[in-house]
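# Coordinates in review
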Amino acid sequence: MLKWFHRLGSPKTFFELSSKWHPWLLGLSLLSLVSGVAWALLFVPPDYQQGNSVRIMYIHVPAAILAQSGYMMMAGAAAVFLIWRMKLADMAVAAIAPLGASITFLALVTGAIWGKPTWGTWWVWDARLTSTLVLFFLYVGMIALRSALDRQATAGRACAILALVGVVNLPIIKYSVEWWFTLHQPASFSLTEKPAMPAEMWMPLLLMVIAYYLFFFTALLSRLRNEILDRERDTDWVRKWVAAQ
Amino acid sequence: MNFYLRTLKRDLSIHLRGLSEVINPLVFFVVVISLFPLGLGPSPQQLSEVAPGVIWVAALLATLMSMDLMFRDDFSDGSLEQVVVSGQPLLVFVLAKVTAHWLMSGLPLVLLVPVVGLVMFVDGDSLQAMVVSLLLVSPTLSLLGAIGAALTVSLARGGLLVSILVLPLYVPVLVLATAMVQAAGSEAEIAGYVYWLLAALLASVTLAPLAVAASLRLAVDR
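Figured I'd write up the structure that's included with this text. None of these values were measured; they are calculated from a predicted model.

### Overview of the interface of chain A and chain B
Of the residues lining the interface, 17 residues belong to chain A; the matching set on chain B comes to 16 residues. Among the secondary structure elements, those contributing two or more residues to the side of chain A that touches chain B are helix H5 (127–148), helix H6 (155–166) and helix H7 (169–179) of chain A. Ranked by residues supplied to the side of chain A that touches chain B, first place goes to H5 of chain A with eight residues. In terms of residue class, the side of chain A that touches chain B is made up of 12 nonpolar, four polar and one charged.

### Focus on the packing of helix H1 (residues 3–17) of chain B against helix H6 (residues 90–119) of chain B
Residue and element names in this part refer to chain B. H6 packs onto H1 with a crossing angle of 35° between their chain directions and a minimal axis gap of 8 Å. The handedness of the crossing between H1 and H6 comes out as right-handed. The residues of H6 that touch H1, namely those facing Phe3, Tyr4, Thr7, Leu8, Asp11, Leu12 and His15, are Val92, Phe93, Leu95, Ala96, Lys97, Thr99, Ala100, Leu103 and Met104.

### Comments concerning the nonpolar core
By size, the foremost hydrophobic cluster in this structure holds 130 residues, and its most contacted members are Val93 and Leu162 of chain A together with Ile55, Ala146, Ile147 and Ala150 of chain B. Leave out the neighbours within four places in its chain, and Val93 of chain A touches Met74, Ala77, Ala78, Phe81, Cys159, Ala160 and Ala163 of chain A.

### Things to note about unusual backbone geometry
The phi torsion at Arg85 of chain A lies on the positive side, around 55°, for a residue other than glycine. Counting through the fold element by element, Arg85 of chain A comes out in the loop between helix H3 (57–84) and helix H4 (87–119). According to the C-beta neighbour criterion, Arg85 of chain A is exposed, with 12 such atoms within 10 Å. The backbone of Phe121 of chain B shows a phi angle near 60°, a positive value even though the residue is not glycine. By secondary structure assignment, the location of Phe121 of chain B is in the loop between H6 and helix H7 (124–152).

Analysis parameters
Residues numbered from 1 in each chain as written. Chains lettered and ligands numbered in written order. Predicted model: local features only at pLDDT ≥ 70, side-chain atom pairs only at ≥ 80, totals over all residues. Contact = placed C-beta atoms within 7 Å. Helix = DSSP H or I, 4+ residues; strand = E, 2+ residues; numbered from the N terminus. Nonpolar A, V, L, I, M, F, W, Y, C, P; charged D, E, K, R; others polar. Axes fitted to C-alpha atoms, helices over the stretch in contact; angles between N-to-C directions. Left-handed = near helix turned anticlockwise from the far one by under 90°. Core = buried A, V, L, I, M, F, W, Y, C linked by C-beta atoms within 7 Å. Buried ≥ 20, exposed ≤ 12 C-beta atoms within 10 Å, placed from the backbone.

This is the structure:
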């Protein structure tokens, strides 16, 4: 198993394997996104308090979950790069940063849109919103550092250090709603307890979360493949691959 | 004398000889705060309400301005490289640098707070809390800022980038400190905040030097 993982670390092997996975991932993610959105918009009953505006939860909550999850993935890849010097891990860090930034932005904007009818305000400086905004700035900082250290040999390790320094913010975001009583509602899902929502509301939510993850991995795979082609452009196999296109 | 004290002494003498570089951020601090009465209007009530936040943000920005003091000169004249390859403990070097920076930039800020507090009509209790909180937090600011300074030391114009990298790390500390000042102003209990700020300081002292040392090694690694 370890040998398989090790072989996966070679950009060439990963590129070849991922060409097979990518169409499946794309198909699955589109299928689940479309069915999830259709379920959320058409078949979920309106909330007794919020009416139909609860439906944006199905866009907002998965985005927020992925924003944090994406940073954990980026930090994990950064740790792998610093410890084992796996080039692919550094490419993963570079690929996740813009994806994470966009999805955090989506979470913030959809949250604001949801907040207006339910709380009466677009924005409030409570713990969860502020720390998610900080998460967005952390992603932007990652992008900024990489572009400033443009192509230098040490760019990868510097960005990896920054990713690990920023990971301290993650527990603060996750537990901020529990530590400080705030306007934002507590988590809908937890690994150990039953959800606080009826089944007809949390099942489409679960589907949307899975759909977002699938879509995230699809986009990540595309970016990674691009990054591989870009960085390995002087190698034989890339030249052959490009010539064959 | 051991390595820590030698580095500290060297840094302090260098800073004291080039005092204009040390004073600039402090002047910036005072000037920025003075802009607020001009922008918001001179009413003492309004100013004393916004004072804790304004003074804190100005302190943060002044600290960021002074980050260049830490590593840039050593990097450009090659002495940083010498320290890294010399085999001396880099963590000790980093701690000495941060101490020198705090003595030259954080501590003067704390001493200036009563002065600017007067200008912004801050009342006694809040002023006391402000001084205490800034005293507790300024080492943390120096430590976290050192991470940004070390990551960008090899860049020619790293100034604004340091702010983007470090301000998200400052946010939790800023929130806690201003909450503490407001609690003090309204006669509430501040012990909890003090403990949290101390915890942040201890976490920074233990963990930040690791990141700084790793970044310095990268910077001289060509």
